[in-house]
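Observations on the three-dimensional arrangement
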Amino acid sequence: MADINRDDNLIEVADPPRFGFGERVVSRTIIRNDGTFNGKDIGEVLVRKGDVGYVCSIGTFLQQFYIYAVEFTDHGYRVGMRAKELMTLDKLPDEVLAQLGERADELKQLR
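None of these values were measured; they are calculated from a predicted model.

Turning our eyes to something else, we now look at the nonpolar core. Ranked by size, the top nonpolar core spans 16 residues in total, and within it Phe19, Tyr68, Val70, Val79, Met81 and Leu86 carry the most contacts. For this core, the secondary-structure elements that each account for two or more residues are β3 (45-47), β5 (65-72) and β6 (77-81). Of the residues forming this core, the biggest block, four residues, is contributed by β5.

Quick look at the structure:
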């Protein structure tokens, strides 16, 4: 267990969860099987950067981090992810929407 990176200076569970149930999120990184996903080999890609999913439950890990169970409907499975691996598509700040311009409308149509 010595290889677990605890990020000692960060305790996410002291604050409310960053994402809510049913919130549409996008993966910021590639997620590989660490051995906890049945039916896939260790190291096999589960989620690719840019895959869109929906938060379906929220748990904790090491009494320090929130783990978001994200349902990726295109793949047909659910993957546990940390907040730093996700970005919201439903609650983008106004300044981000302004920078996206017409592409913001495309995001709304992804539902």
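What follows continues from the structure just given.
Counted according to the given criterion, the structure contains three aromatic pairs. Plain terms: the ring middles of Phe19 and Tyr68 are 5.2 Å apart, the flat faces sit at 80° to each other, and that makes the pair edge-to-face. Of this pair, Phe19 sits in the segment before β1 (24-27) while Tyr68 sits in strand β5, and the two are 49 residues apart along the sequence. Judged by its relative accessible area of 5%, Phe19 is buried. Judged by relative accessible area, Tyr68 falls into the buried class, the value being 1%. The interplanar angle of 65° and the centroid separation of 5.1 Å between the aromatic rings of Phe37 and Tyr77 together place this pair among those described as edge-to-face. Highlighted residues: Phe37 in the loop between β2 (31-32) and β3 and Tyr77 in strand β6, separated in sequence by 40 residues. The pair formed by Phe37 and Tyr77 is uniform in burial state, with each residue classed as buried. Aromatic ring contacts, followed pair by pair, group Phe19, Tyr66 and Tyr68 into a single cluster. When the ring centre of Phe65 is taken as origin, the NZ or CZ atom of Arg82, which lies over that ring, is 3.6 Å away.

Here we come to the pattern of salt bridges. Going through the model one piece at a time under the given rule, you end up with three salt bridges. A salt bridge links Glu44 to Lys40, with the nearest nitrogen and oxygen atoms 3.9 Å apart. Assessed through its relative accessible area of 30%, Glu44 is described here as partly exposed.

Calculation rules
Residues numbered from 1 in each chain as written. Predicted model: local features only at pLDDT ≥ 70, side-chain atom pairs only at ≥ 80, totals over all residues. Heavy atoms only, no water. Core = buried A, V, L, I, M, F, W, Y, C linked by side-chain atoms within 4.5 Å. Buried < 20%, exposed > 50% of the residue type's maximum accessible area, 1.4 Å probe, protein only. Helix = DSSP H or I, 4+ residues; strand = E, 2+ residues; numbered from the N terminus. Phe/Tyr/Trp six-rings, centres within 6.5 Å; stacked < 30°, edge-to-face > 60°. Lys NZ or Arg CZ within 6 Å of the ring centre and 35° of its normal. Salt bridge = Lys/Arg side-chain N within 4 Å of Asp/Glu carboxyl O.

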